[in-house]
Amino acid sequence: MMLYCATAEKRQIDHPMDTSITPRTNAPEFSTAYYLLEGLSEVGIEYLFCNLGTDHAPIIEEMAHRRKRGEAMPRIVRCPHETVAAHMAGGYALVTGRGQGVLVHVDVGTANAATAMHNLFRSRLPVLLMAGKAPYTSHNELIGTRDTHVHFVQEPFDQASLVRPYLKWEWTLPSGVVVKEALRRAYSIMQSAPSGPVYLMMQRETLTQHWREDEIHRYSGDRYGTAAEGGADPRHVAALAERLMAAEYPILITGYGGRHAHTAQMIEEVAQFAGIAVFEAHPSSNVSHAGPCFAGFSPGKAIAEADVGMLVDVDVPWFPADVEPNETAFWAHIDIDVLKVNSPMWTFPGHLRLRGDSGRILDQLLTELKAKATPRFKAAAAARLDRLKAARETRLARAAQLAADHGRPGAINPHYLMAELGKVLDDEDIVFNEAVRNVPVVLTQIPRRLPNTVVDTGGAGLGWSGGMALGAKLAAPGRLIVQVVGDGSFYFGAPCAVFAVSRQYKLPIFSVVLDNSGWLAVKQSTLRVFPHGEASAANEFEAELAPKVEFARVGEAFGAHAETVSDPADVPAAIARCAKEVRGGRAALLHARVTRL
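The structure displayed is predicted, hence computed values, not measured ones.

Draft legend 1. How the structure looks around the overall build of the protein chain. Along its length, the protein chain carries 22 helices and 22 strands. Its C-alpha radius of gyration of 27 Å places the protein chain within 12% of the 25 Å reference for a compact globule of 597 residues. Projecting the C-alpha coordinates of the protein chain onto the three principal axes gives extents of approximately 90 × 60 × 50 Å. Buried residues in the protein chain amount to 55% of all 597 residues. Partitioning the contacts of the protein chain with sequence separation of at least 6, the portion at a separation of at least 24 is 77%. Carbon together with sulfur atoms contributes 53% to the accessible area of the protein chain, which is approximately 25600 Å² in total.

As structure tokens, then:
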């Protein structure tokens, strides 16, 4: 095994009589960085979303080397900010299910990516985050030694601590000889449910080590694959079926139910067969909103009345401070993560916790229900289904009533704006909903027929929607990808970097900025805690942001079609123009001045 970074020729010159280090075979030598790029392709990484730095010199060199040799490696997407790079990987994974690579610069790049890691971890999205570490030699002992000021100040005692709360796995590559083993391990962990981020750190000296081809082992996916997800114990499924058979007011609450097509399908089938009301609580990935059992996004009243409840792929089904469940109700939790082990406190009822693939478990449940169904049960389920259909019509009528008020010049009603936006969307188009306090407005006015077509983050870090929209567009170039974002969140998302990537890689997205000139969430939070406090009395909430900002110019600077709309009468035409531009291959930004704080 060769532990030196110099070439074989140099070693033979330095040690002409030492035959112990003469290569044992004629296999060619390449650097760790060379095998890193090869290994990424072998495990299935198609894209590297990069924000590069001095630690990546060996990787950049080998990118050029592999291109010259015509050898496979991931495609490179250069991102001017790490939050865009990491969220792009998340958007791509959301659409495809395949985690991608993100390459950032030592500790500072890792710090810039930390919010994205939080969002992706909480959203169950896989990503392989990679970063260099400061070189560990200072006197030219090895290739890659420290050669600039930052190499002495970018070495914290614990670099991984910057993102550790949001990781499934972390490691520092100790030697290039195990680079492909490390990549396979990282990939298997990040893709196994619940999927999520992993983190690999590498120093320049390690990346410049040279190895013979026969020293670098390969690790195939079929032999070192991901963990298989299974169903549940049939006895537990039968017990849940018995509860549902006797239920008078069953409900189902989901948050990620639309992430996997089979789970979304089974939620719909079980709900229709048993007459179960389906609610979405802070939906990260929607189920179909078109089915007769879909009951909306506010399950509070239903939670208080339900006698049997199912929590399916959901993290926060309700707010215990606001809702008190029926004390006699029976609750079953179906999820790959039923205990929420990464949340220190998570206290929602679960008389029965069924851990596994939710789609498979619901399929088991439907089979059991069909086997047990009596005429009385079928009649009760049909009656509940009729009531749910009537409630659906009432809810849709209420949404139309809210949208009928167009607002006034300078204060467009968001309900009206979103209803008009919904008219230009096809079923397959995807809406990334970062409207913050207007999130319910988007959901109310743009009901989605297909699963996984309106997306929120499972996390709490603002600034995610632009990057995720770009990643989704990369994965699904034929679909219209829409970012709906509040002006406060727009700042967080590094919008210059978003539109730079959009232009450079021809990824047109439609961005809608809902501008109320401030942080409405901050104001409303203060009022919830202190409804009659001093801030309320003085109308001072520290929530106002810069007024009269021309957000459209951000898009214009990068060649996007950009408009500002203030008059409700101009909304339909402005939306139509923007959608036409995006479908024609040009990004668009619509800056809408909506109802103020």
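After presenting the structure, the write-up continues.
Draft legend 2. Summary view of unusual backbone geometry. In this structure, P194 follows A193 across a cis peptide bond, with omega equal to -10 degrees. Even without a glycine there, the phi angle at H282 is positive, about 45 degrees. Relative to the helices and strands, H282 is located in the loop between β10 (277–280) and β11 (294–296). Of note in the backbone geometry, N452 takes a positive phi value of approximately 60 degrees without being a glycine. Here N452 lies in the loop between α15 (439–445) and β18 (454–455).

Draft legend 3. Examining the sheet that holds strand β14 (residues 352–355) more closely. An order of β11-β10-β9-β12-β13-β14 is seen for the 6 strands of this open sheet, with the pairing classed as parallel. The sheet is open, and its two borders are formed by β11 and β14, each paired with just one other strand. For this sheet the average axis-to-axis angle between neighbouring strands, irrespective of direction, equals 25 degrees. Against the sheet, helix α12 (residues 358–372) touches β12 (308–312), β13 (330–335) and β14, its axis set at about 135 degrees to β13.

Draft legend 4. Geometry of helix α7 (residues 179–191). The end-to-end C-alpha separation of α7 is 18 Å, in line with the 18 Å expected for 13 residues at 1.5 Å each. Here α7 lies mainly inside the structure; 11 of its 13 residues are buried. Three or more residues of α7 are buried, namely V179, K180, A182, L183, R184, A186, Y187, S188, I189, M190 and Q191. Among the structural elements, α2 (32–43), β4 (100–104), β5 (127–133), β6 (169–172) and β7 (197–203) are those in contact with the buried residues of α7.

Draft legend 5. Local environment of the sheet that holds strand β20 (residues 510–515). Taking strand neighbours across the sheet as the criterion, the 6 strands line up as β18-β17-β19-β20-β22-β21 in an open arrangement whose pairing is parallel. Both edges of this open sheet fall to β18 and β21 (561–565), since each of them pairs with a single strand only. Summarising the sheet, β20 and strand β22 (residues 588–593) pair through 6 bridges and their orientation is parallel. When the bridges of β22 are listed, V513 appears paired with H591.

Draft legend 6. Seen up close, the packing of aromatic side chains. Evaluated as defined, the whole model comprises 14 aromatic pairs. Measuring from centroid to centroid gives 4.0 Å for F30 and Y34, while their planes differ by 10 degrees, and the two rings are stacked. The exposure class of F30 is buried, given its relative accessible area of 7%. Residue class for Y34 comes out buried when judged on its relative accessible area of 1%. Measuring from centroid to centroid gives 5.3 Å for F294 and F297, while their planes differ by 70 degrees, and the two rings are edge-to-face.

Draft legend 7. Highlighting the packing of helix α9 (residues 234–246) against α12. Running from amino to carboxyl end, α9 crosses α12 at an angle of 55 degrees, the nearest separation of the two axes being 9 Å. Comparing their axes, α12 and α9 come out oblique. Of the two possible hands of crossing, α9 and α12 adopt the one that is right-handed. Across the interface between the two elements, V237, A238, L240, A241, E242, L244 and M245 from α9 touch Q364, L365, E368, L369 and K372 from α12. Residues belonging to the contact of α9 with α12 are distributed by class as follows: 8 nonpolar, 1 polar and 3 charged.

Draft legend 8. Fine view of the side chain of T208. Residue position: T208 is located in the loop between α8 (204–207) and β8 (210–212). At 3.1 Å, the side chain of T208 forms a polar contact with the backbone oxygen of E205.

Draft legend 9. The arrangement of a nonpolar patch on the surface in detail. Residues V436, L462, Y491, F492, W519 and V522 make up a contiguous nonpolar surface patch of roughly 490 Å² in combined accessible area. With respect to the helices and strands, the residue F492 is situated in helix α17 (residues 487–492).

Draft legend 10. Representation of the pairing of strand β3 (residues 75–78) in the model. Here strand β2 (residues 47–50) runs beside β3; their pairing, made up of 4 bridges, is parallel. Note on β3: the bridge partner recorded for F49 is V77. Each parallel crossover has a hand, and the one from β2 via helix α3 (residues 57–69) to β3 is right-handed.

Draft legend 11. The pattern of salt bridges, seen in detail. Tallied over the full model, the rule gives 29 salt bridges. The shortest N-O distance in the salt bridge between E170 and R164 comes to 2.5 Å. A relative accessible area of 27% places E170 in the partly exposed class. Look at R164 and you get partly exposed, because its relative accessible area is 35%. Residues joined by salt bridges that share partners form a network here, namely E38, E42, R66, R69, E71, K180 and R218.

Draft legend 12. Region of interest: the packing of helix α4 (residues 82–96) against helix α5 (residues 106–122). Two elements in contact, α4 and α5, have axes whose closest approach is 8 Å; the angle formed by their N-to-C orientations is 30 degrees. Of the possible angle classes, the one that applies to α4 and α5 is roughly parallel. Judged by the twist between their axes, the crossing of α4 over α5 is right-handed. In this structure, α4 contributes E82, T83, A86, H87 and G90 to the contact, and α5 contributes G109, N112, A113, A116, M117, N119 and L120. Class assignment for the residues of the contact of α4 with α5 results in 5 nonpolar, 6 polar and 1 charged.

Thresholds, definitions, all that
Residues numbered from 1 in each chain as written. Predicted model: local features only at pLDDT ≥ 70, side-chain atom pairs only at ≥ 80, totals over all residues. Heavy atoms only, no water. Helix = DSSP H or I, 4+ residues; strand = E, 2+ residues; numbered from the N terminus. Rg over C-alpha atoms; globule rule 2.2 N^0.38 Å. Buried < 20%, exposed > 50% of the residue type's maximum accessible area, 1.4 Å probe, protein only. Contact = heavy atoms within 4.5 Å. Areas by Shrake-Rupley, 256 points an atom, 1.4 Å probe, with all protein chains shown as cover. Pairing = 2+ DSSP bridges. Axes fitted to C-alpha atoms, helices over the stretch in contact; angles between N-to-C directions. Expected span 1.5 Å × (residues − 1). Phe/Tyr/Trp six-rings, centres within 6.5 Å; stacked < 30°, edge-to-face > 60°. Parallel < 35°, antiparallel > 145°, perpendicular 65-115°, else oblique. Left-handed = near helix turned anticlockwise from the far one by under 90°. Nonpolar A, V, L, I, M, F, W, Y, C, P; charged D, E, K, R; others polar. Polar contact = N/O pair within 3.5 Å; in protein donor to acceptor, adjacent residues only side chain to side chain. Patch = residues over 30% accessible without salt bridge, like charges linked within 9 Å, V, L, I, M, F, W, Y side chains within 5 Å. Salt bridge = Lys/Arg side-chain N within 4 Å of Asp/Glu carboxyl O. Right-handed = clockwise from strand over helix to strand, strands pointing away.

Don't take any of this as a statement about function, it's just geometry.
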